[in-house]
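# Structural description and commentary
Take a look at the letters that make up each chain.
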Amino acid sequence: MDNLLEIKDLTYKKNQKIILDKINLELQPGKIVALLGENGAGKTTLMRIIAGMAKNYQGSVTLLNETKEAMRKAHLSFTDGLTGFGDSTKIQDIVHFYQVIYTDFDDEQFDQLRSFMKLDLNMRLSHLSKGMREKLIIALTFSRKADLYLLDEPFSGIDAMARKKIINSIILWKADQATILISDHFVNEIATMLDEVVVIKDKTVLTHQSTEAIRTNNLSIEEYYEGLYLKEDE
Amino acid sequence: MSIFKSLFSQQFKQKTKNLYLILLIEFIGSIAITFFSSRYSYNSSVLDTFMIKLLSIYSTIMIFSTFAFYIIICFINEKINLSQTWRLTPINDSLFYISNILSSFVTMVYFKLLELLTLAIFSGLYYVISPQVRTNVAITLNELNKYTNSHLSKLYNIFDETLIFITIMVLLALLTYLIISFLNFTSRAIMNFLPHVSGRGVSSIIRLVIIWLIAWLLVKISNLIRMNNIFSGFMVNDKSSLLIILVLLILNLFFLIVNVFLMQHYFEAIEKK
C-alpha cells in the first residue's frame, strides 16, 4: 500500500536550537495514529511542518506524493485555534469562511457535528468557553473531507463526559481511507480508537508501533508509553 | 484561480468590516461639526454658509481619514500574513501574499470612492438648494466649454499630468504596503534565526536596524522625486515622470519578489494563544 504521509530526514531548527532531528515517519491511509511525547518534545512543531505553517526545515514532507505546501494543505485538515478571527465573530461567519475557502467543506456534516456539540450559529467567539471553542474547532476540522486530519491536543479544555462522547464518535466522522494523527495527553482515553503510536523523544521518533503489537505484550498504551520513559531514565 | 478569488473576497470582507462605520462617523461628524459651528436658520444665505462649511469640513476629514484608514489596512494586512487561520488556505504563499496586497489596494480605492460619492451627494444637495450655485455652475461650464474649444492641447496636457500624478501615488501606496511587509518579514525571520531572548527589547532593536536600512532607500527615492518637483503643480518634464514611474515599478516588483521569497521560506504563520 502507498504511504499517505512520508517524512524523510526532517530537521528543524529555531533560535539556534534543534527542535526536530532527522525525523523519519510513514503513515498509511485509514489509520488513527497517536503522536505522544512530553511537553516541548516537538509534536506541535511536527504537525505545523506537515501543515506547511513552519518553514526553513531540511528534509522532505510528502502527502499523497505531493511535496508542494499548497497541495498538502488541500488534502489535510488541521485543528486551528481560530485566532485569525476577531472575538466578535459569529460562528456562522466562521462557517461561511470555511465554506468559501475549503472546497471539501461539507455543510451537512457540519450541521450534524454542530448539533452533536450543542453549538449555536449565532454565538460569538468571545461568548464561547474554552471547551466550547475546542468543540467548534473539532466540528470545523471534521467537516472537511480531508485525507489527513492533524489534531493537536484537541480535547484539553473539554469536559470528561463530552470528551468520551467525541472520542467514541471520531471514527464515524472520518472517511475509511482518511488518517488521523492526534497528539493528546489523555493517552488512556484515546487508546481504544488507536491503530498506531508514535513517540517523540530527544527531538526524534523514538518508536513507531502498532497498538496490536503493544497489546500482544499485555501492556496498555499508557503502560507502554510510561515504560519507554522509565527505560530511558534507567 | 477559484481559491484565489475566494481568498481575495474573504480578505476584502475582513478589511471592509469597519469601513462603513468609519464612513458613518465621517458623515455624522462632518454634519455635527458644521452644525455646531454654524447658526441654523431658514435664511438661505446661512444655509449657503452651512453647505460651504460642510463641504470644506468633509473634504478636510477625507484627507486625514485616508492616512488613518491606510494605517488600519496595513495592520490588518500584516495580521493576515501572520495568522495561521488564514495561511492554512490551500494556496501557495506567493498567491496568498498577492491576494492580500491587492485586496488592501482595492479596499482603499473602494473607501475613497464611497467618500467621493458622499462628497458628490453633499455637492448635489448644495446644487439643488442654492440657485446661486446653479447659476455659478452654469457659468463655469460655459467658460470651460469655450476654453476647451480653444485650448484643447493644454487640456490634454493637464489630463496627462493628472494621470501621471495618480499613477505615482498608486505606486507609492503599493510600495509602502510592500515595505511594511518587508520590515515585518525580515525582522521575524532574523529573530527566528537568532538565539532565543525573551522580551520585546531585542525585537525592537532588530526592527530599528531594518527601519534604518529601508529609510536610506526611501531617501534615495524621495530625492529622485524631489529633484523633479513632482508635487509642486504639474510642471513636470515628461521624461523624468516616466523615469520615476519606472523606478517605482521596479521597486514594487523588487519588494514583491523579495517578500514572496521571505514568505515562502522564512515567514512562519503563528497561532496566537
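Residues numbered from 1 in each chain as written. Chains lettered and ligands numbered in written order. Predicted model: local features only at pLDDT ≥ 70, side-chain atom pairs only at ≥ 80, totals over all residues. Heavy atoms only, no water.

### Some words on the pattern of salt bridges
Any two side chains of opposite charge can pair if their charged atoms end up close together. Our working definition: In what follows, salt bridge is the name for a side-chain nitrogen of Lys or Arg lying within 4 Å of a carboxyl oxygen of Asp or Glu. Helix numbering and strand numbering both begin at the N terminus, where a helix is a DSSP run of H or I of at least 4 residues and a strand a DSSP run of E of at least 2. Think of it in three bands: with a 1.4 Å probe and only protein chains considered, a residue is buried below 20% of the maximum accessible area for its type, exposed above 50%, and partly exposed in between.
By the definition in use, this model includes 13 salt bridges over all chains. Salt-bridge contacts for A:Arg144 lead to A:Asp104; the nearest nitrogen and oxygen are separated by 2.9 Å. Pair noted here: A:Arg144 is in the loop between helix 5 (130-142) and strand 6 (148-152) and A:Asp104 is in the loop between helix 3 (91-101) and helix 4 (107-117), with a separation of 40 residues, a long-range link. The residues A:Arg144 and A:Asp104 share a single accessibility class, namely buried. The partner of B:Lys112 in a salt bridge is B:Glu115, and the shortest N-O contact between them spans 2.3 Å. Of this pair, B:Lys112 and B:Glu115 are both found in helix 5 (residues 93-129), 3 residues apart, which corresponds to roughly one turn of the helix.

### Digging into the sheet that holds strand 8 (residues 196-201) of chain A
Residue and element names in this part refer to chain A. We count it as follows: Pairing between strands requires that DSSP locate at least two bridges from one strand to the other. Every axis corresponds to a line fitted to the C-alpha atoms, with the helix fit spanning only the stretch in contact, and the corresponding angles, defined between N-to-C directions, vary from 0 to 180 degrees.
Taken in spatial order, the 6 strands make up an open sheet running 5-6-7-3-8-9, and their pairing is mixed. Edge strands, defined here as strands with exactly one partner in the open sheet, are strand 5 (76-78) and strand 9 (204-210). For this sheet, the mean angle separating the axes of adjacent strands, direction not counted, is 15 degrees. Of the strand pairs in this sheet, strand 6 and strand 7 (residues 179-183) are connected by 5 bridges, and their pairing is parallel. Note on strand 7: the bridge partner recorded for Leu 150 is Leu 181.

### Examining the packing of aromatic side chains
What counts, and what does not: To pair, rings of Phe, Tyr and Trp, with the six-membered ring standing in for Trp, must have centres within 6.5 Å; the planes then decide the type, stacked if under 30 degrees apart, edge-to-face if over 60, and tilted in the middle.
Evaluation of the coordinates by the stated rule reveals 21 aromatic pairs over all chains. Judged by centre distance (5.9 Å) and plane angle (40 degrees), the ring pair of A:Phe105 and A:Phe110 falls under tilted. Across this residue pair, the class does not change: A:Phe105 and A:Phe110 are buried. Relative to B:Tyr110, the ring of B:Tyr20 lies with its centre 6.3 Å away and its plane at 85 degrees, an arrangement referred to as edge-to-face. In this pair, B:Tyr20 sits in helix 2 (residues 19-37) while B:Tyr110 sits in helix 5, placing the two residues 90 residues apart along the sequence. Exposure remark for B:Tyr20: the relative accessible area of 47% places this residue in the partly exposed category. The rings of A:Phe85, A:Phe97, A:Tyr98, A:Tyr102, A:Phe105, A:Phe110 and B:Trp86 are connected pair by pair, giving a single aromatic cluster.

### Considering the interface of chain B and chain A
For clarity, the cut-off: By definition in these notes, contact holds between two residues if any of their heavy atoms fall within 4.5 Å. Buried area: the accessible area, evaluated with a 1.4 Å probe, that two parts lose upon being put together, summed over both parts. Residue type decides the class: Asp, Glu, Lys and Arg count as charged, Ala, Val, Leu, Ile, Met, Phe, Trp, Tyr, Cys and Pro as nonpolar, and the leftover types, Gly among them, as polar.
Listed by partner, the interface residues are 34 residues for chain B and 28 residues for chain A. Here chain B packs against chain A, burying approximately 2,700 Å² in sum over the two surfaces, 50% of which is carbon and sulfur. When the buried surface of chain B facing chain A is broken down by residue, B:Thr85, B:Leu88 and B:Glu268 rank first, second and third, together holding 24% of it. On inspection of chain B and its partner chain A, the count reaches 3 salt bridges. A salt bridge links B:Glu268 to A:Lys14; the nearest nitrogen and oxygen atoms lie 3.9 Å apart. Looking at the side of chain B that touches chain A, the elements that each hand over two or more residues are helix 1 (2-15), helix 4 (84-87), helix 7 (152-193) and helix 9 (238-265) of chain B. A per-element tally of the side of chain B that touches chain A places helix 1 of chain B first, with 6 residues. By residue class, the composition of the side of chain B that touches chain A is 14 nonpolar, 13 polar and 7 charged.

### As for the domain arrangement of chain B
Residue and element names in this part refer to chain B. What counts here: An automatic or database domain assignment supplies the residue ranges for each domain. We define a polar contact as two N or O atoms separated by no more than 3.5 Å, with the added condition that, inside protein, one atom must be a possible hydrogen donor and the other a possible acceptor, whereas residues neighbouring each other in sequence contribute only through side-chain atom pairs.
Domain parsing of chain B yields domain 1 (1-146) and domain 2 (149-272). In this complex, domain 1 contributes 21 residues to the contact, which on the side of domain 2 involves 23 residues. Run the count over domain 1 and domain 2 and you get 0 salt bridges. At the boundary of domain 1 with domain 2, the tally comes to 9 residue pairs in polar contact (both at pLDDT 80 or more). For the side of domain 1 that touches domain 2, the leading source of residues is helix 5, giving 9 residues. A per-class count over the side of domain 1 that touches domain 2 returns 10 nonpolar, 7 polar and 4 charged.

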